[in-house]
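Close look at the chain arrangement
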Amino acid sequence: MIYADYNGSAPICEDVKEYFINRLQEGPFANPNAIHRLGTKVLTAMENSRAMCAKVLGAKYTQVIFNSGASEGITQVFHSVLESALDDGKNIIITSGIEHSAIINCSRYYENKGYTYKVLPTLSNGVVDIKTLIDWTSEFRGRIALISVMAANNETGVVQPYKEIANLCHESAIPYLCDTTQLIGKEEFNFKDSNIDYAVTSGHKFGALTGTGILIAKHPAKLSALVIGGGQEKGIRGGTQNYLGYETLAVALNSFQKNSHKYKDLKAKKLEFESKIKERFPQVVILGEESHRVPSTTYIAFPGIHGQAVQIELESSDIFVTTSSACSDNEPVTSKVLKAMGVTDEVGRGVVRISLGHCSPLESYDEILEALTKAYEKLGKIKSY
Ligand code: PLP
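Because the structure is predicted, anything quoted here is derived from the model rather than measured. (Residues numbered from 1 in each chain as written. Predicted model: local features only at pLDDT ≥ 70, side-chain atom pairs only at ≥ 80, totals over all residues. Heavy atoms only, no water.)

Moving on, we get to the overall build of the protein chain. A tally of helices and strands in the protein chain yields 13 helices and 12 strands. Taken over the C-alpha trace, the protein chain has a radius of gyration of 21 Å; the compact-globule value for 385 residues is 21 Å, and the two agree within 12%. The dimensions of the protein chain, computed from C-alpha atoms along their principal axes, are 70 × 60 × 30 Å. Among the 385 residues that make up the protein chain, the fraction classed as buried is 58%. Carbon and sulfur atoms make up 53% of the accessible area of the protein chain, which totals about 16,200 Å². Treating the 40 positive side-chain charges of the protein chain as one cloud and the 43 negative ones as another, the clouds have centres 3 Å apart. (Helix = DSSP H or I, 4+ residues; strand = E, 2+ residues; numbered from the N terminus. Rg over C-alpha atoms; globule rule 2.2 N^0.38 Å. Buried < 20%, exposed > 50% of the residue type's maximum accessible area, 1.4 Å probe, protein only. Areas by Shrake-Rupley, 256 points an atom, 1.4 Å probe, with all protein chains shown as cover. Lys, Arg positive; Asp, Glu negative; His and termini not counted. Charge placed at Lys NZ, Arg CZ, Asp CG, Glu CD.)

Below, the structure written as structure tokens:
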């Protein structure tokens, strides 16, 4: 079996499995906010985990807020930044057309509350058009409430110029939310060096437990709580903490740091796979190919052969891929990310996403190459559209 849907959800990584099994056997379990000794032990373990996450991500310990994942972090930042920005004459939200629906839906929500929602164009190479962003920041000076552009795209894997955007936002005093969900755990990320105001991620994308996540805020005091609860997480995120889950975040991030060198080989193997499949089928298109991509994502289309048919063929060989992101998988149409890149339906309907992680064996690409070759040969005879 080859699991090639890491961008959808990574399997729980080996270090986390080992840690978690021991942790469940040995305890302690208690409310981290309790004043007794067991509570203090649990709190100490959780705070040590926070310190480890902060270290790997280049943030200050006090800037790391634990939560349930990226969707929650994104919603909290939108809510915190936009609850009163209109009163200060800031009425514009800028995002890109390749953002995850968690960002797009928040933008639409606030559009209904009176904000103007502007969508930054994306170039055909999958990179957002930074020149337009520069123009907009001067054209709408003093009126932009929030800019939200992701660090790496979930479908193409294309890495965006997030540091440049962060500096642009910083110079113009515009809050910058960067969705780092698909970058963290695949490439080095340093919050301090990036100059981002808010970064979000989900544990299940890098081998920690599902339902855990991190919001990093340059100035956490500017955040207001979505869940008021009993003042946990310094009043920023109420409710008794999912301390076991948060411990797995630290273990998974440490595992990434320890194994990050493996991505070099994985990237080389991916490029070899891509060039071999193109040799065999010259009509194949690899989306975002010419851009800097995270090391282990390939978004590939055979025009005329439906992506879902390819996915089913691969699944019959026990290889699990998706056609686009998990959220839009049920729609056999060109994804909004590809539409934003100006990709035609001929190509867009043919895509499958192959995404691996640092724990994946390199030979996975050899097996995928052979299975994909068989699928294209078989389906090419009965083109599906
Ligand atoms: N942002 C990106 C880029 C994602 O890929 C995802 C998940 O697919 C999310 C946000 C939302 O993550 P979650 O569903 O874990 O909250």
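Picking up where we left off.
Neighbouring residues of the ligand: A70, S71, H100, M150, N154, D179, T181, Q182, S202, H204 and K205. Within the side chain of H100, a nitrogen or oxygen atom sits 3.3 Å from an oxygen atom of the ligand. Between the ligand and the protein, one listed contact pairs an oxygen atom with a side-chain N or O atom of H204 at 2.8 Å. Here the ligand loses 83% of its free accessible area of 400 Å² to cover by the protein chains. Broken down by class, the residue content of the shell around the ligand amounts to 2 nonpolar, 7 polar and 2 charged. (Near = heavy atom within 4 Å. Polar contact = N/O pair within 3.5 Å; in protein donor to acceptor, adjacent residues only side chain to side chain. Nonpolar A, V, L, I, M, F, W, Y, C, P; charged D, E, K, R; others polar.)

This part covers the packing of aromatic side chains. This structure, assessed with the given rule, holds 11 aromatic pairs. Taken together, a centroid distance of 4.5 Å and an interplanar angle of 20° make the contact between F66 and Y246 stacked. In this pair, F66 sits in strand β2 (residues 64-67) while Y246 sits in helix α8 (residues 243-259), placing the two residues 180 residues apart along the sequence. Where F302 meets Y376, the ring centres are 4.8 Å apart and the plane angle is 55°; that geometry is what we call tilted. Of this pair, F302 sits in the loop between β10 (297-301) and α10 (307-316) while Y376 is found in helix α13 (residues 364-380), placing the two residues 74 residues apart along the sequence. Just as F302 is buried, Y376 falls in that class too. One aromatic cluster is present, formed by F78, Y109, Y110 and Y115 through successive ring pairs. Above the plane of the ring of W136 lies K118, whose end atom (NZ or CZ) is 4.8 Å from the centre. (Phe/Tyr/Trp six-rings, centres within 6.5 Å; stacked < 30°, edge-to-face > 60°. Lys NZ or Arg CZ within 6 Å of the ring centre and 35° of its normal.)

Right, let's talk about the sheet that holds strand β5 (residues 144-148) for a bit. Strand order in the open sheet formed by 7 strands is β2-β8-β7-β6-β5-β3-β4, with mixed pairing between adjacent strands. Each having just a single partner strand, β2 and β4 (116-120) make up the two edges of the open sheet. Shown here is a sheet whose adjacent strand axes are inclined to one another by a mean of 20°, direction ignored. As judged from the 4 bridges shared by β2 and strand β8 (residues 213-217), these two strands associate in the antiparallel manner. Residue pairing for β8: F66 is matched across the bridge by I214. Helix α5 (residues 130-139) contacts β3 (92-96), β4 and β5 of the sheet and is inclined by roughly 150° relative to β4. (Pairing = 2+ DSSP bridges. Axes fitted to C-alpha atoms, helices over the stretch in contact; angles between N-to-C directions. Contact = heavy atoms within 4.5 Å.)

On to the packing of helix α1 (residues 14-26) against α8. Direction vectors running N to C along α1 and α8 enclose 145°, while the axes themselves pass 9 Å from each other. The crossing of α1 and α8 is right-handed. Each of D15, V16, Y19, F20, R23 and L24 in α1 lies in contact with α8, whose residues at this interface are Y243, L244, E247, T248, V251, A252, S255 and K258. By residue class, the composition of the contact of α1 with α8 is 8 nonpolar, 2 polar and 4 charged. (Left-handed = near helix turned anticlockwise from the far one by under 90°.)

Before going further, it helps to examine empty space enclosed by the protein. Under the defined criterion, the tally for this structure stands at 2 cavities of 30 Å³ or more. By volume, the largest cavity amounts to about 100 Å³. Lining the largest cavity are 13 residues, with Y6, A10, K205, F206 and H358 positioned closest to its centre. Counted by class, the lining of the largest cavity contains 7 nonpolar, 4 polar and 2 charged residues. In terms of domain composition, the lining of the largest cavity takes at least three residues from each of domain 1 (14-258) and domain 2 (261-380). Considered as a void within the structure, the second largest cavity measures approximately 40 Å³ in volume. Together, V56, L57, I184, G185, E187, E188, F189, L253 and F256 line the second largest cavity. (1 Å grid on protein atoms, 1.4 Å probe; cavity = no way out; pocket = protein on both sides within 12 Å on 5 of 7 lines; lining within 4 Å. Points joined across faces, edges and corners; volume = space filled by probe spheres on them. Domains from an automatic or database assignment.)

Turning to the side chain of T373, a few remarks are in order. Residue position: T373 is located in helix α13. Residue class for T373 comes out buried when judged on its relative accessible area of 7%. Of note is the side chain of T373, whose polar atom sits 2.9 Å from the side chain of R280. Each residue touching T373, except ones within four places of it in the same chain, is listed here: I277, R280 and F281.

As enumerated under the stated definition, the model contains 0 disulfides in all. C13 carries a free sulfur, and the closest cysteine sulfur to it, the one in C359, is 5.5 Å from it. Judged by relative accessible area, which is 5%, C13 ranks as buried. In this structure C178 is a free cysteine whose sulfur lies 9.8 Å from that of C169, the closest cysteine sulfur available. (Disulfide = S-S within 2.5 Å.)

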